[in-house]
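# Examination of the molecular architecture
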Amino acid sequence: MKTALFADVHANLEALRACLAHAEAQRVDRFAFLGDLVGYGADPEAVLDIVMAYQATGASVVQGNHDEAAVGDGEFNLNDNARAAITWTRPRLNERHRAFLASLPYTVRLGDMLLVHASAVAPPRWIYVTDTRLAAHSMEAAGARYVFGGHVHDPVLI
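Residues numbered from 1 in each chain as written. Predicted model: local features only at pLDDT ≥ 70, side-chain atom pairs only at ≥ 80, totals over all residues. Heavy atoms only, no water.

### Some remarks on the pattern of salt bridges
Under the counting rule described, the total for this entry stands at three salt bridges. Note that R96 is salt-bridged to D49, the shortest N-O span being 2.9 Å. Within this pair, whereas R96 is found in helix α5 (residues 95–103), its partner D49 is found in helix α2 (residues 44–56), the two being separated by 47 residues in sequence. Assessed through its relative accessible area of 32%, D49 is described here as partly exposed. Among the salt bridges present, the one from R98 reaches E95, with a minimum N-O distance of 3.3 Å. Of this pair, R98 and E95 both sit in helix α5, separated by three residues, roughly a single helical turn. (Salt bridge = Lys/Arg side-chain N within 4 Å of Asp/Glu carboxyl O. Helix = DSSP H or I, 4+ residues; strand = E, 2+ residues; numbered from the N terminus. Buried < 20%, exposed > 50% of the residue type's maximum accessible area, 1.4 Å probe, protein only.)

### Quick look at the sheet that holds strand β2 (residues 30–33)
The sheet built from three strands is open, its strands ordered β1-β2-β3 with parallel pairing. Each edge of the open sheet carries a strand with a single partner, namely β1 (3–6) and β3 (60–61). Pairing of β1 with β2, which is carried by four bridges, proceeds in the parallel orientation. Bridge pairing in β2 places T3 opposite R30. (Pairing = 2+ DSSP bridges.)

### So, the packing of aromatic side chains
Going through the model one piece at a time under the given rule, you end up with six aromatic pairs. With a centroid separation of 6.5 Å and an interplanar angle of 15°, the aromatic rings of Y146 and F148 are classed as stacked. Residue class for Y146 comes out partly exposed when judged on its relative accessible area of 37%. For F148, a relative accessible area of 26% corresponds to the partly exposed category. An aromatic cluster is present here, built from F6, F31, F33 and Y54 joined pairwise through their rings. (Phe/Tyr/Trp six-rings, centres within 6.5 Å; stacked < 30°, edge-to-face > 60°.)

### Let's talk about the layout of surface pockets
Quantified by volume, the second largest pocket comes out at close to 290 Å³. Every residue lining the second largest pocket is counted, 17 residues in all, and those nearest its centre are N65, N77, L78, Y128 and H151. The element contributing the most residues to the lining of the second largest pocket is helix α3 (residues 65–71), with four residues. Broken down by class, the residue content of the lining of the second largest pocket amounts to seven nonpolar, six polar and four charged. (1 Å grid on protein atoms, 1.4 Å probe; cavity = no way out; pocket = protein on both sides within 12 Å on 5 of 7 lines; lining within 4 Å. Points joined across faces, edges and corners; volume = space filled by probe spheres on them. Nonpolar A, V, L, I, M, F, W, Y, C, P; charged D, E, K, R; others polar.)

### Quick word on helix α6 (residues 132–142)
Those residues of α6 not exposed but buried are L134, A135, S138 and A142. Mapping the buried residues of α6 onto a view down its axis gives an arc of 100°, with all of them on the same face. With respect to the buried face of α6, the exposed residues turned more than 90 degrees away are T132 and E140. Considering only its buried residues, α6 is in contact with β4 (107–110), β5 (113–116) and β6 (146–148). In this structure D131 caps α6, since a side-chain oxygen of it lies 3.1 Å from the backbone nitrogen of R133. (Arc of directions from axis to C-beta. Contact = heavy atoms within 4.5 Å. Polar contact = N/O pair within 3.5 Å; in protein donor to acceptor, adjacent residues only side chain to side chain.)

### Section: the nonpolar core
The biggest cluster of nonpolar side chains holds 30 residues, and the ones touching the most others in it are F6, L16, F31, F33, L37, F100 and L101. Looking at this core, the elements with two or more residues in it are β1, α1 (13–25), β2, α2, α3, α4 (80–89) and α5. Here this core takes six residues from α2, the largest share from any one element. Leave out the neighbours within four places in its chain, and F33 touches F6, L16, L20, V51, Y54, A59, S60, V61 and V62. Among the nonpolar cores identified, the runner-up in size contains seven residues, and A32, L34, V62 and M113 belong to it. (Core = buried A, V, L, I, M, F, W, Y, C linked by side-chain atoms within 4.5 Å.)

Shown next as structure tokens:
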């Protein structure tokens, strides 16, 4: 089964559309969005509308730290640029978008795969998986043959 994985879209509508078109052309069987749908980019509403439509047809979607920050009511642990992006994003989201982001799970299990935004060790702590030791800890915690995540903004296979 071909699965298209999308991580750290960050409200980049043009990139999302291009990647979805490529995935559709490859005739993938399922879609998975690995968090951080919002933040940084200029089109959080349009990106969320698209991802919500894909979820309605069976796509898996997990929450990322930017998604959590966009709907949280307190302080969030982000760098200055990310904080500014979330501050800009928050008033642009309607109630439907906020409810969607708030409802997203930290992990989704699909057979022998675990989808997570950051480390499976403690998903809501947003631990970066940046080396083989952290990857091994995430794999052990996941209890899955395959773990797919984002968060580091760098494509790596460990």
